[in-house]
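Architecture at a glance
What follows is each chain in one-letter form.
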Amino acid sequence: MHERDPIERFREAFKRALESEPFDAARAALATADKRGRPSLRFVLMKELDQHGFVFYTHADSRKGRDLAENPQAALTFHWFTTGEQIRVEGAVERVSDAQSDAYFATRPRGSQLGAWASAQSEPISSRGELEQRVAEMARRFPEGTIPRPANWGGFRIVPARIEFWYDREDRLHDRILYVRSGEGYERSLLSP
């Protein structure tokens, strides 16, 4: 185990989850709050991880995007039943570069790219038919070739201030290991279950 590097510790846990989870191990619950502190929680897919943090992609005009514009702090929780592990990440949120967002958008299936253009994410629609009509309009707009990334769609990075590793143990005497950012590294401590 990597006692001083929680990112490497996460990579090891994620690898175990990828090998055992029946669903996408990249799914995580993302908590945001608006400027008045009203929380909102939903699942997202972590698409990238590096020493700077955990990246997911969405519409900036979605509820989560609006929350993050007003209050650029978030929490992300992974729970993998098959390995008995839970990992909690908390920290400031920043936008990734346009180049990074463009590069990821280019890897998405064409239907997902069209959907990013068609959906006014989190806004009311009159029916499923309305959404399907918008997708058809985008398919006519981009009949072939490269589909550019919508300007309001991109990546967000949670820069961890805290990362907690939770391991299921008998009698609810779980192991909890907390890493708190300190300068360029992290301070490690154990928490009572």
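The present account deals with the structure reproduced in this document. (Residues numbered from 1 in each chain as written. Predicted model: local features only at pLDDT ≥ 70, side-chain atom pairs only at ≥ 80, totals over all residues. Heavy atoms only, no water.)

Things to note about helix α2 (residues 63–70)
Buried within α2 are the following residues: Lys 64, Gly 65, Asp 67 and Leu 68. Across the axial projection of α2, the buried residues extend over an arc of 160 degrees, all falling on one side. Contacts made by the buried residues of α2 are with β1 (27–33), β2 (39–45), β4 (53–59), β5 (73–80), β6 (85–95) and β7 (153–167). (Buried < 20%, exposed > 50% of the residue type's maximum accessible area, 1.4 Å probe, protein only. Helix = DSSP H or I, 4+ residues; strand = E, 2+ residues; numbered from the N terminus. Arc of directions from axis to C-beta. Contact = heavy atoms within 4.5 Å.)

Regarding the packing of helix α4 (residues 110–118) against helix α5 (residues 128–141)
Running from amino to carboxyl end, α4 crosses α5 at an angle of 115 degrees, the nearest separation of the two axes being 9 Å. Taken together, the axes of α4 and α5 are roughly perpendicular relative to one another. In the packing of α4 onto α5, the handedness of the crossing is right-handed. Here Leu 114, Trp 117 and Ala 118 of α4 lie close against α5, whose contacting residues are Leu 131, Arg 134, Val 135, Met 138, Ala 139 and Arg 141. Its residues assigned to classes, the contact of α4 with α5 comprises seven nonpolar, no polar and two charged. (Axes fitted to C-alpha atoms, helices over the stretch in contact; angles between N-to-C directions. Parallel < 35°, antiparallel > 145°, perpendicular 65-115°, else oblique. Left-handed = near helix turned anticlockwise from the far one by under 90°. Nonpolar A, V, L, I, M, F, W, Y, C, P; charged D, E, K, R; others polar.)

Quick look at the nonpolar core
Among the nonpolar cores identified, the biggest contains 31 residues, and Phe 10, Phe 54, Leu 76 and Trp 80 are the most heavily contacted of them. When residues of this core are traced back to their parent elements, those giving at least two are α1 (6–20), β1, β4, β5, β6, β7 and β8 (175–182). What Trp 80 contacts, discounting residues up to four positions off in sequence, is Phe 10, Ala 13, Phe 14, Ala 17, Glu 21, Ala 25, Glu 85 and Ile 87. (Core = buried A, V, L, I, M, F, W, Y, C linked by side-chain atoms within 4.5 Å.)

Looking at the pairing of β8
As judged from the six bridges shared by β7 and β8, these two strands associate in the antiparallel manner. The residue bridging Trp 166 from the neighbouring strand is Arg 176, located in β8. Pairing between β8 and strand β9 (residues 185–191): seven bridges, direction antiparallel. Bridge pairing in β9 links Ile 177 to Leu 190. Linkage of β8 to β9, two consecutive antiparallel strands, is achieved through a turn of two residues, within which Gly 183 is found at a positive phi near 65 degrees. (Pairing = 2+ DSSP bridges.)

A look at the pairing of β6
Regular strands have side chains that alternate between both faces of the sheet. Across eight bridges, β5 lies against β6 in antiparallel orientation. Across the sheet, Ala 74 pairs through a bridge with Gly 91, a residue of β6. From the end of β5 to the start of β6, which pair antiparallel, there are four residues, and Gly 84 there has a positive phi angle of about 70 degrees. In the sheet, β6 pairs with β7 via eleven bridges, with the strands oriented antiparallel. In the sheet register, Val 89 faces β7, and the bridge partner there is Ile 163.

Thoughts on the environment of Gly 111
Along the chain, the position of Gly 111 falls in helix α4. Considering only alpha carbons, one finds Gly 111 and Phe 43, 68 residues apart in sequence, at a separation of 21 Å.

Quick notes on the packing of aromatic side chains
Tallying each qualifying case throughout the model produces 14 aromatic pairs. Ring plane angle 55 degrees and centroid distance 5.9 Å describe the contact between Phe 10 and Trp 80, whose orientation is recorded as tilted. Highlighted residues: Phe 10 in helix α1 and Trp 80 in strand β5, separated in sequence by 70 residues. The class for Phe 10 is buried, based on a relative accessible area of 0%. The interplanar angle of 40 degrees and the centroid separation of 5.7 Å between the aromatic rings of Phe 78 and Trp 80 together place this pair among those described as tilted. (Phe/Tyr/Trp six-rings, centres within 6.5 Å; stacked < 30°, edge-to-face > 60°.)

So far we have only geometry, and geometry alone does not tell us how the molecule works.
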